[in-house]
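# Fold and contact review
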Amino acid sequence: MQEQNYSHKGWLNILAFIIPYLVVVGLFQYTGMLIAGMNVESSAPRDFDQRLIIKSFDLIGTCVVLFLFMTFVDKKPFKALGFSISHRSKEIGFGLVLGLLIMLTGYSVLLGLNEIRFVRIHFDLMQFFKAVMFFILVAFIEEMLFRGYILRNLMLSMNKYIALLGSSLVFALMHAFNPNVSVFALFNIFLAGILLGLSYVHTKNLWFPIALHFSWNFFQSVFGFNVSGQGFYSVVQFKINTDSSLNGGAFGFEGSWLSVVIQVLAIIGIAIHFKAKR
């Protein structure tokens, strides 16, 4: 077997990326805050419309920095982040369905165990559409950044599975200041990074992780859970009988032991799939 040649190029690219990313995206987010009519001295947006506007500018800023770095530092086209669409429709569909099935399973199990109590169904078409748009933006931003750029460059410097663990750790730490966060919740986010990144390790393509990331967050919200500690519009509304590590409490499904079990099973399934393909 031919020995893999690693270099420091990937690490250096990531280190060079950090400050320009924070500065440029920060400026775009600040512009979004001004356009949204938000008091920039306040700690959080007042409403979902403001969140949506700011996240849109976050995406633009992220794309600008990634385009510049891919073009002038990595010497690759922007598409090389993992945007080849050829023969990816099945992966996109599977990612969307998998996220739905995970959240439906989580909700059903917690309901059956009397960890949560159903309250009502509340459907608002406009809020539903805004939630779709918001979580699409989140999925593109985070997957381009953590899988498309960070994981891709780490794989230039080290074994791809160690790179996956490293990018997943960074992904988890980026959520360390979320509301209602805990060490256990961060461990769950770390597992999510592995789940989202494992297919990228084998395919160098972002469409499956983008689809799964969107579906995971969107249906988590639809079924009434907080998403990474933050509340969003929910179609299904429920009450948590008692906050626990089984139901995730205020952090949401991602703070639960049930999430750990489901993610580990999904990771094993994806690993088996790619091993069979080899």
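Anything mentioned here points back to the structure above.
Residues numbered from 1 in each chain as written. Predicted model: local features only at pLDDT ≥ 70, side-chain atom pairs only at ≥ 80, totals over all residues. Heavy atoms only, no water.

### Quick notes on the overall build of the protein chain
Selection rule: Strands here are runs of E lasting at least two residues and helices are runs of H or I lasting at least four, both read from the DSSP assignment and numbered beginning at the N terminus. Put simply, the radius of gyration uses C-alpha atoms, and a globule should come to 2.2 Å times the residue count raised to 0.38. Each residue's exposure class comes from its accessible area (1.4 Å probe, protein chains only) as a fraction of the maximum for that residue type: buried when under 20%, exposed when over 50%, partly exposed otherwise.
Helix and strand content of the protein chain: 8 helices and 2 strands. When the helices and strands of the protein chain are listed from N to C terminus, the series reads α-α-α-β-α-α-α-α-β-α. The C-alpha radius of gyration computed for the protein chain amounts to 19 Å, which stays within 12% of the reference 19 Å derived for 278 residues, consistent with globular compactness. Based on the C-alpha atoms only, the size of the protein chain along its principal axes is roughly 55 × 50 × 35 Å. Evaluated residue by residue, the protein chain yields a buried proportion of 49% over its 278 residues.

### Looking at the pattern of salt bridges
Operational definition: By definition, a salt bridge exists where a carboxyl oxygen of Asp or Glu is found within 4 Å of a side-chain nitrogen of Lys or Arg.
Counted according to the given criterion, the structure contains 5 salt bridges. Across the pair K55 and D58 runs a salt bridge, and its minimum N-O distance is 3.6 Å. One end of the pair, K55, and the other, D58, are both in helix α2 (residues 48–72), 3 residues apart, so they sit about a helical turn from each other.

### Some thoughts on unusual backbone geometry
At N114, a residue that is not glycine, the phi angle is positive and equals roughly 65°. Looking at where N114 falls in the secondary structure, it is placed in the loop between α3 (89–112) and β1 (116–121). Here the phi dihedral of K204 falls at roughly 55°; this positive angle occurs in a residue that is not glycine.

### Remarks on the layout of surface pockets
A water-sized probe rolled over the atoms picks out the places where empty space is left. Going by this rule: Only protein atoms enter the calculation, which uses a 1 Å grid: trapped sets of points that fit a 1.4 Å probe without letting it out are cavities, open sets showing protein on both sides within 12 Å along at least five of seven lines are pockets, and any residue with an atom within 4 Å of a point is a lining residue. Grid points are joined across faces, edges and corners, and a volume is the space filled by probe spheres set on the points. Under the scheme applied, nonpolar residues are Ala, Val, Leu, Ile, Met, Phe, Trp, Tyr, Cys and Pro; charged residues are Asp, Glu, Lys and Arg; polar residues are all the others, including Gly.
Quantified by volume, the largest pocket comes out at close to 1200 Å³. In this structure, the largest pocket is lined by 42 residues; those nearest its centre are Q29, K55, D58, E142 and Q230. Looking at the lining of the largest pocket, the elements with two or more residues in it are α1 (9–35), α2, α4 (125–157), α6 (183–203) and α7 (207–222). Tallying contributions element by element places α4 first for the lining of the largest pocket, with 7 residues. A per-class count over the lining of the largest pocket returns 26 nonpolar, 11 polar and 5 charged. Roughly 300 Å³ of volume is contained in the second largest pocket. Every residue lining the second largest pocket is counted, 16 residues in all, and those nearest its centre are I14, I18, F146, I150 and V170.

### Looking at a nonpolar patch on the surface
To be explicit about the condition: Each patch is built from residues lacking any salt bridge and having more than 30% relative accessible area; the joining distance is 9 Å for like charges and 5 Å for nonpolar side chains (Val, Leu, Ile, Met, Phe, Trp, Tyr). Areas reported as accessible are Shrake-Rupley estimates using a 1.4 Å probe. Residue values count occlusion only from the protein chains shown.
Residues W11, L12, L15, I18, I19, L22, V23 and L27 make up a contiguous nonpolar surface patch of roughly 820 Å² in combined accessible area. In this structure, W11 sits in helix α1. Overall, the relative accessible area of 40% leaves W11 in the partly exposed class.

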